[in-house]
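Each chain, written out:
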Amino acid sequence: NAGVTQTPKFQVLKTGQSMTLQCAQDMNHEYMSWYRQDPGMGLRLIHYSVGAGITDQGEVPNGYNVSRSTTEDFPLRLLSAAPSQTSVYFCASSYSTGGRELFFGEGSRLTVL
Amino acid sequence: AQSVAQPEDQVNVAEGNPLTVKCTYSVSGNPYLFWYVQYPNRGLQFLLKYITGDNLVKGSYGFEAEFNKSQTSFHLKKPSALVSDSALYFCAVRDIWDAGNMLTFGGGTRLMVKP
(Lines give C-alpha, C1' and ligand atoms only; values in the text may rest on other atoms or scores of the structure.)
Protein backbone atom coordinates (compact mmCIF):
# COMPACT_ATOMS: atom_id res chain seq x y z
CA ASN A 1 0.00 0.00 0.00
CA ALA A 2 1.22 3.49 -0.83
CA GLY A 3 -0.80 4.98 2.07
CA VAL A 4 -1.62 8.68 1.62
CA THR A 5 -0.09 10.31 -1.44
CA GLN A 6 0.07 14.07 -1.91
CA THR A 7 1.10 16.00 -5.00
CA PRO A 8 2.85 18.27 -5.66
CA LYS A 9 5.47 18.29 -2.91
CA PHE A 10 6.48 21.86 -3.66
CA GLN A 11 4.68 24.72 -5.41
CA VAL A 12 5.26 28.44 -5.86
CA LEU A 13 2.31 30.60 -6.82
CA LYS A 14 1.74 34.26 -7.47
CA THR A 15 -0.97 36.11 -5.58
CA GLY A 16 -4.33 35.55 -7.22
CA GLN A 17 -3.44 32.31 -8.96
CA SER A 18 -5.44 29.17 -8.34
CA MET A 19 -4.27 25.61 -7.90
CA THR A 20 -5.28 22.20 -6.62
CA LEU A 21 -3.39 20.05 -4.14
CA GLN A 22 -4.07 16.40 -4.79
CA CYS A 23 -4.55 13.73 -2.13
CA ALA A 24 -5.18 10.04 -2.68
CA GLN A 25 -5.32 7.12 -0.27
CA ASP A 26 -5.43 3.41 -1.04
CA MET A 27 -6.54 2.15 2.40
CA ASN A 28 -10.32 2.46 1.79
CA HIS A 29 -10.55 5.05 4.56
CA GLU A 30 -13.88 6.77 5.05
CA TYR A 31 -12.48 9.86 6.71
CA MET A 32 -10.14 12.31 4.95
CA SER A 33 -8.95 15.73 5.97
CA TRP A 34 -6.67 18.62 5.10
CA TYR A 35 -4.49 20.45 7.63
CA ARG A 36 -2.10 23.34 7.33
CA GLN A 37 1.02 23.55 9.46
CA ASP A 38 2.47 26.90 10.43
CA PRO A 39 5.40 27.48 12.81
CA GLY A 40 4.32 27.55 16.45
CA MET A 41 0.68 26.96 15.60
CA GLY A 42 0.61 23.23 15.24
CA LEU A 43 -1.78 21.81 12.67
CA ARG A 44 -5.09 23.45 11.91
CA LEU A 45 -7.96 21.67 10.19
CA ILE A 46 -9.10 23.23 6.91
CA HIS A 47 -11.77 20.83 5.59
CA TYR A 48 -12.73 17.24 6.17
CA SER A 49 -14.92 14.51 4.71
CA VAL A 50 -16.58 11.51 6.38
CA GLY A 51 -17.32 9.79 3.09
CA ALA A 52 -17.82 10.24 -0.64
CA GLY A 53 -20.12 13.16 -1.37
CA ILE A 54 -19.85 14.58 2.16
CA THR A 55 -17.57 17.46 3.14
CA ASP A 56 -17.51 19.98 5.95
CA GLN A 57 -15.50 22.94 7.16
CA GLY A 58 -12.81 22.80 9.78
CA GLU A 59 -11.17 25.54 11.77
CA VAL A 60 -9.69 27.61 8.91
CA PRO A 61 -11.74 26.98 5.73
CA ASN A 62 -11.70 30.45 4.13
CA GLY A 63 -10.00 30.58 0.74
CA TYR A 64 -10.12 26.82 0.25
CA ASN A 65 -12.55 24.47 -1.45
CA VAL A 66 -12.84 20.67 -1.40
CA SER A 67 -14.86 17.90 -2.98
CA ARG A 68 -15.06 14.13 -2.43
CA SER A 69 -16.35 12.38 -5.50
CA THR A 70 -14.64 9.07 -4.68
CA THR A 71 -13.52 7.32 -1.50
CA GLU A 72 -9.88 7.53 -2.61
CA ASP A 73 -9.45 11.19 -3.59
CA PHE A 74 -9.83 14.44 -1.67
CA PRO A 75 -8.39 17.43 -3.58
CA LEU A 76 -7.91 20.84 -1.97
CA ARG A 77 -8.44 23.88 -4.18
CA LEU A 78 -7.02 27.33 -3.56
CA LEU A 79 -9.35 29.66 -5.39
CA SER A 80 -7.25 32.84 -5.39
CA ALA A 81 -3.95 32.39 -3.60
CA ALA A 82 -2.83 34.90 -0.98
CA PRO A 83 0.53 35.22 0.84
CA SER A 84 -1.25 34.19 4.07
CA GLN A 85 -1.76 30.77 2.50
CA THR A 86 1.98 30.13 2.42
CA SER A 87 2.23 27.00 4.51
CA VAL A 88 2.81 23.27 4.56
CA TYR A 89 -0.33 21.32 3.80
CA PHE A 90 -1.01 17.81 5.02
CA CYS A 91 -3.67 15.39 3.93
CA ALA A 92 -4.69 12.75 6.46
CA SER A 93 -7.12 9.83 6.49
CA SER A 94 -8.51 7.21 8.85
CA TYR A 95 -10.92 4.26 8.80
CA SER A 96 -13.61 6.17 10.61
CA THR A 97 -14.02 8.80 13.23
CA GLY A 98 -13.72 8.66 16.99
CA GLY A 99 -10.71 6.85 18.35
CA ARG A 100 -9.06 5.98 15.06
CA GLU A 101 -5.60 7.44 14.41
CA LEU A 102 -4.87 9.49 11.32
CA PHE A 103 -2.46 8.46 8.57
CA PHE A 104 -0.65 11.46 7.09
CA GLY A 105 0.80 12.20 3.70
CA GLU A 106 4.30 13.62 3.30
CA GLY A 107 3.08 17.18 2.90
CA SER A 108 2.94 19.85 0.21
CA ARG A 109 4.97 23.02 0.73
CA LEU A 110 3.24 26.02 -0.85
CA THR A 111 4.74 29.48 -1.24
CA VAL A 112 2.59 32.37 -2.41
CA LEU A 113 4.49 35.41 -3.60
CA ALA B 1 -14.43 24.23 22.23
CA GLN B 2 -11.55 21.83 22.63
CA SER B 3 -7.91 22.81 22.97
CA VAL B 4 -4.46 21.39 23.59
CA ALA B 5 -1.50 23.06 25.27
CA GLN B 6 2.10 21.97 24.95
CA PRO B 7 3.81 24.39 27.31
CA GLU B 8 7.39 23.73 26.18
CA ASP B 9 8.55 24.75 22.73
CA GLN B 10 11.69 22.65 23.19
CA VAL B 11 12.86 19.93 25.54
CA ASN B 12 16.55 19.09 25.82
CA VAL B 13 17.70 15.80 27.29
CA ALA B 14 20.90 13.79 27.31
CA GLU B 15 20.96 10.40 25.64
CA GLY B 16 20.13 7.65 28.11
CA ASN B 17 18.18 9.95 30.42
CA PRO B 18 14.41 9.79 30.82
CA LEU B 19 12.33 12.25 28.86
CA THR B 20 8.93 13.87 29.37
CA VAL B 21 7.00 15.97 26.88
CA LYS B 22 4.05 17.70 28.49
CA CYS B 23 0.49 18.01 27.20
CA THR B 24 -2.68 19.34 28.77
CA TYR B 25 -6.08 19.41 27.13
CA SER B 26 -9.55 20.85 27.43
CA VAL B 27 -12.75 19.24 26.12
CA SER B 28 -16.42 19.49 27.00
CA GLY B 29 -16.88 15.75 27.34
CA ASN B 30 -14.45 12.87 27.50
CA PRO B 31 -11.31 12.86 25.36
CA TYR B 32 -9.62 10.70 22.83
CA LEU B 33 -5.92 11.64 23.11
CA PHE B 34 -3.10 11.07 20.64
CA TRP B 35 0.63 11.63 20.26
CA TYR B 36 2.28 12.03 16.87
CA VAL B 37 5.93 12.52 15.88
CA GLN B 38 7.24 14.46 12.91
CA TYR B 39 10.74 14.04 11.51
CA PRO B 40 12.20 16.79 9.27
CA ASN B 41 10.38 17.23 5.96
CA ARG B 42 8.06 14.31 6.69
CA GLY B 43 4.42 13.83 7.58
CA LEU B 44 3.22 13.06 11.08
CA GLN B 45 3.47 9.50 12.36
CA PHE B 46 1.17 8.05 15.00
CA LEU B 47 2.87 7.07 18.29
CA LEU B 48 0.09 6.14 20.70
CA LYS B 49 -3.43 6.93 21.83
CA TYR B 50 -5.72 6.85 24.82
CA ILE B 51 -9.28 5.79 24.16
CA THR B 52 -10.46 4.18 27.37
CA GLY B 53 -9.25 1.75 30.02
CA ASP B 54 -5.75 1.71 31.50
CA ASN B 55 -4.42 5.19 32.10
CA LEU B 56 -0.89 4.16 31.08
CA VAL B 57 -0.66 3.69 27.34
CA LYS B 58 2.32 2.13 25.59
CA GLY B 59 3.19 2.94 22.00
CA SER B 60 5.82 2.77 19.31
CA TYR B 61 9.59 3.09 19.82
CA GLY B 62 9.38 2.59 23.60
CA PHE B 63 7.22 5.66 24.24
CA GLU B 64 4.39 5.70 26.75
CA ALA B 65 1.92 8.27 28.03
CA GLU B 66 -0.18 8.59 31.14
CA PHE B 67 -3.73 9.88 31.05
CA ASN B 68 -4.58 11.93 34.14
CA LYS B 69 -8.21 13.00 34.11
CA SER B 70 -8.04 15.17 37.22
CA GLN B 71 -5.11 17.15 35.84
CA THR B 72 -6.38 16.95 32.24
CA SER B 73 -2.93 15.88 31.14
CA PHE B 74 -1.45 13.31 28.79
CA HIS B 75 2.34 13.59 29.13
CA LEU B 76 4.58 11.60 26.80
CA LYS B 77 7.44 9.70 28.43
CA LYS B 78 10.34 7.43 27.62
CA PRO B 79 12.64 5.82 30.19
CA SER B 80 15.85 6.20 28.16
CA ALA B 81 16.15 8.74 25.33
CA LEU B 82 17.96 8.06 22.07
CA VAL B 83 19.53 10.61 19.74
CA SER B 84 17.20 9.27 17.06
CA ASP B 85 14.21 10.40 19.16
CA SER B 86 15.04 14.00 18.25
CA ALA B 87 11.98 15.28 16.39
CA LEU B 88 8.86 17.42 16.69
CA TYR B 89 6.11 15.93 18.86
CA PHE B 90 2.44 16.81 18.71
CA CYS B 91 -0.32 16.07 21.19
CA ALA B 92 -3.90 16.00 19.87
CA VAL B 93 -7.38 15.67 21.34
CA ARG B 94 -10.83 14.79 20.08
CA ASP B 95 -14.00 15.09 22.14
CA ILE B 96 -15.78 11.73 21.95
CA TRP B 97 -19.11 13.53 21.60
CA ASP B 98 -17.94 15.86 18.83
CA ALA B 99 -20.14 15.21 15.84
CA GLY B 100 -17.76 17.22 13.70
CA ASN B 101 -14.95 14.83 14.52
CA MET B 102 -12.41 17.61 14.77
CA LEU B 103 -8.94 16.59 15.96
CA THR B 104 -7.23 19.53 17.62
CA PHE B 105 -3.43 19.66 17.77
CA GLY B 106 -1.11 21.39 20.17
CA GLY B 107 1.61 23.71 18.90
CA GLY B 108 4.27 21.02 19.05
CA THR B 109 7.35 20.43 21.18
CA ARG B 110 10.78 19.97 19.69
CA LEU B 111 12.73 17.25 21.44
CA MET B 112 16.53 17.48 21.24
CA VAL B 113 18.47 14.48 22.52
CA LYS B 114 22.20 15.15 22.84
CA PRO B 115 24.83 12.42 22.80
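Before reading on, note that the structure itself is shown above.
Definitions and cut-offs
Residue indices follow the written sequence of each chain, beginning from 1 at its first position. For this description, chains carry letters from A and ligands carry numbers from 1, given in the order in which they are written. For a predicted model such as this one, the threshold for reporting local features is a pLDDT of at least 70, and the threshold for listing and counting side-chain atom pairs is 80 or more; totals across whole chains, interfaces and linings nevertheless cover every residue. The side-chain values count all of the structure's non-hydrogen atoms but skip hydrogen atoms and water molecules. Every helix listed is a DSSP run of H or I at least four residues long, and every strand listed is a run of E at least two residues long, numbered separately from the N terminus. We compute the radius of gyration over the C-alpha atoms and compare it with the globule rule, which gives 2.2 Å times the number of residues raised to the power 0.38. The contact criterion used throughout is that any non-hydrogen atoms of two residues lie within 4.5 Å. Accessibility throughout is a Shrake-Rupley quantity obtained with a 1.4 Å probe, and a residue counts as covered only by protein chains that appear here. Residues scored as positive are Lys and Arg, those scored as negative are Asp and Glu, and His as well as the terminal groups of each chain are ignored. The location of each charge is read from NZ of Lys, CZ of Arg, CG of Asp or CD of Glu. Between Lys or Arg on one side and Asp or Glu on the other, a salt bridge is scored when a side-chain nitrogen of the former is within 4 Å of a carboxyl oxygen of the latter. Among the buried residues, those of types Ala, Val, Leu, Ile, Met, Phe, Trp, Tyr and Cys that are joined through side-chain atoms within 4.5 Å form a nonpolar core. Only protein chains enter the accessibility calculation, which uses a 1.4 Å probe. A residue is then buried if its area is under 20% of the maximum for its type, exposed if over 50%, and partly exposed in between. Two aromatic rings, drawn from Phe, Tyr or Trp (for Trp, its six-membered ring), form a pair once their centres lie within 6.5 Å of each other, and the interplanar angle then sorts them: stacked below 30 degrees, edge-to-face above 60, tilted otherwise.

A. Representation of the overall build of chain B within the structure. Per the secondary structure count, chain B includes zero helices and 12 strands. Helices and strands in chain B line up, N terminus first, as β-β-β-β-β-β-β-β-β-β-β-β. For chain B, the C-alpha radius of gyration of 14 Å lies close to 13 Å, the compact-globule estimate for 115 residues. Considered along the principal axes of its C-alpha atoms, chain B spans approximately 45 × 30 × 20 Å. Relative to all contacts within chain B whose residues are 6 or more apart in sequence, the contacts with residues 24 or more apart total 58%. Surface summary for chain B: the accessible area is close to 5500 Å², and the carbon and sulfur share equals 50%. Counting 10 positive and 9 negative side-chain charges, chain B places the averaged centre of each group 3 Å from the other.

B. Structural view of the pattern of salt bridges. All names here are of chain A. This structure, assessed with the given rule, holds six salt bridges over all chains. For arginine 44, the salt bridge is made with aspartate 38, and the minimal N-O distance between the two is 2.9 Å. Each of Arg36, Asp38 and Arg44 takes part in one network of salt bridges that share partners.

C. Inspection of the nonpolar core at higher detail. Residue and element names in this part refer to chain B. Formed by 27 residues in total, the largest nonpolar core has its most connected members in Trp35, Leu47, Leu48, Phe74, Leu76 and Tyr89. Those elements that place two or more of their residues in this core are β2 (10-14), β3 (19-21), β5 (31-38), β6 (44-50), β8 (64-68), β9 (73-78), β10 (87-95) and β12 (109-114). Looking at this core element by element, the count peaks at four residues for β10. Among all residues touching leucine 76, those that are not within four sequence positions of it are Leu19, Thr20, Val21, Trp35, Leu47, Leu48, Phe63, Glu64, Ala65 and Tyr89.

D. Focus on the packing of aromatic side chains. Across all of its chains, the model carries 14 aromatic pairs over all chains by this definition. Judged by centre distance (6.3 Å) and plane angle (25°), the rings of B:Phe34 and B:Tyr36 are stacked. Judged by its relative accessible area of 0%, B:Tyr36 is buried. By the ring-pair criterion, three or more aromatic residues cluster together here, those being A:Tyr35, A:Phe90, A:Phe104, B:Phe34, B:Tyr36, B:Phe46, B:Phe90 and B:Phe105.

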